[in-house]
Amino acid sequence: MSLIVATNITKDYQTGDVTVRALKGLSFEIEPASFVSFVGPSGSGKTTLLNLIGCLDKPTDGKLMVAATEVLHLDRKQSASFRGSNIGFIFQDFNLIPVLTVYENIEYPLLMVQNMPTAERNQRVNALLTAVGMTDQKDKFPDQISGGQKQRVAVARALVTNPKLVLADEPTANLDHKTAYMVIELMRKMRDEFGTTFIFSTHDQKIVGEAEIIFTIEDGELKGKENKGGGGNG
Ligand code: ADP
Ligand code: MG
């Protein structure tokens, strides 16, 4: 069964008496364990779309199923709970908490999970530190590590709750090319290891080539889908 089914979704933003139609009837499906990118120029609707998939905002019209849930019907509290158990987020500017160490940043989402024994929490954080190659840096603070290392921590933090889906909005925009490739490679490795679906957006044509499924978005419309196969079942 598809992890995401979008059917003719539109999104309007209202500013004063001006309505901007940011998404103009998008339909697509994404299978579990896929490695997907949405590529398009600035203003094409990538962030808007990822916010809808991530249940941070609601479509104006259409249907959107994520993990067998029609997200249109969730209220704010239900959306928050749905995100907490199904979705991890990675941001362009890393969004690490500056006063927490690398270890504590990764641990942070688990502190919201009720009744998790300390031993299990430690075990999960340590496993992810190893997976992203940051064990040696675990006691450092974000301002003591590089941009690429910060994004590796952010990848670990996104995965620590075992989500079905990780959304990354322009995760490489603040990284040089070599580091950008390494972060995308790391995400793909994590998909292979944990079976988590990754969806990232980018306006960088070189980075997008690393995805297995590429959706091109322009002016709020899907202009194409390229399926390059690869390790997923998409
Ligand atoms: P991208 O992430 O591809 O750069 P966005 O999703 O941010 O594109 O924006 C798509 C369109 O929606 C743009 O025309 C943008 O100006 C508009 N838009 C985005 N967010 C808002 C908002 N909160 N209010 C009004 N217009 C918005
Ligand atoms: Mg954007």
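Conventions used here
- Residues numbered from 1 in each chain as written.
- Chains lettered and ligands numbered in written order.
- Predicted model: local features only at pLDDT ≥ 70, side-chain atom pairs only at ≥ 80, totals over all residues.
- Heavy atoms only, no water.
- Helix = DSSP H or I, 4+ residues; strand = E, 2+ residues; numbered from the N terminus.
- Polar contact = N/O pair within 3.5 Å; in protein donor to acceptor, adjacent residues only side chain to side chain.
- Pairing = 2+ DSSP bridges.
- Axes fitted to C-alpha atoms, helices over the stretch in contact; angles between N-to-C directions.
- Buried < 20%, exposed > 50% of the residue type's maximum accessible area, 1.4 Å probe, protein only.
- Contact = heavy atoms within 4.5 Å.
- Right-handed = clockwise from strand over helix to strand, strands pointing away.
- Near = heavy atom within 4 Å.

## Details of the environment of Tyr13
Relative to the assigned elements, Tyr13 resides in strand S1 (residues 4–15). On a C-alpha basis, the gap between Tyr13 and Thr48 in space is 9.8 Å, while along the polypeptide they are 35 residues apart. At a separation of 2.9 Å, a polar atom in the side chain of Tyr13 contacts the side chain of Thr48.

## Concerning the sheet that holds strand S7 (residues 165–169)
Across the sheet, 6 strands lie side by side as S6-S7-S8-S3-S9-S10; this open sheet has mixed pairing. The sheet terminates laterally at strand S6 (87–90) and strand S10 (221–227), the two strands that pair on one side only. Taking the axes of each pair of neighbouring strands and ignoring which way they run, one obtains an average angle of 20° across the sheet. Taken together, the 5 bridges between strand S3 (residues 35–39) and strand S8 (residues 197–202) define a ladder with parallel strand orientation.

## Here we look at the side chain of Gln151
Assignment of secondary structure puts Gln151 in helix H5 (residues 147–159). Among the residues examined, Gln151 registers a relative accessible area of 0% and is labelled buried. With sequence-adjacent residues up to four places away left out, Gln151 is seen in contact with Ile90, Phe91, Gln92, Phe94, Pro171, Leu175 and Val183.

## Topic: the pairing of S7
Burial within S7 is extensive, with 4 of its 5 residues counted as buried. Of the pairings in the sheet, the one linking S6 to S7 comprises 4 bridges and is parallel in character. Bridged to Gly88 within S7 is Val166. When S7 meets S8, the two strands line up parallel, connected through 5 bridges. Paired with Asp169 across the bridge in S8 is Ser201. Between S7 and its parallel partner S8, the chain crosses via helix H6 (residues 177–194), and the hand of that crossover is right-handed.

## Regarding the site of ligand 1
Near ligand 1 you find Tyr13, Ala22, Pro41, Ser42, Gly43, Ser44, Gly45, Lys46, Thr47 and Thr48, and these make up its full shell. Take Gly43: an N or O atom from its main chain is 2.6 Å from an oxygen atom of ligand 1. In the environment of ligand 1, an oxygen atom lies 3.2 Å from a nitrogen or oxygen atom belonging to the backbone of Ser44. Considering every element that reaches the shell around ligand 1, the biggest residue donor is helix H1 (residues 46–53), with 3 residues.

So yeah, pure geometry; function would need other evidence.
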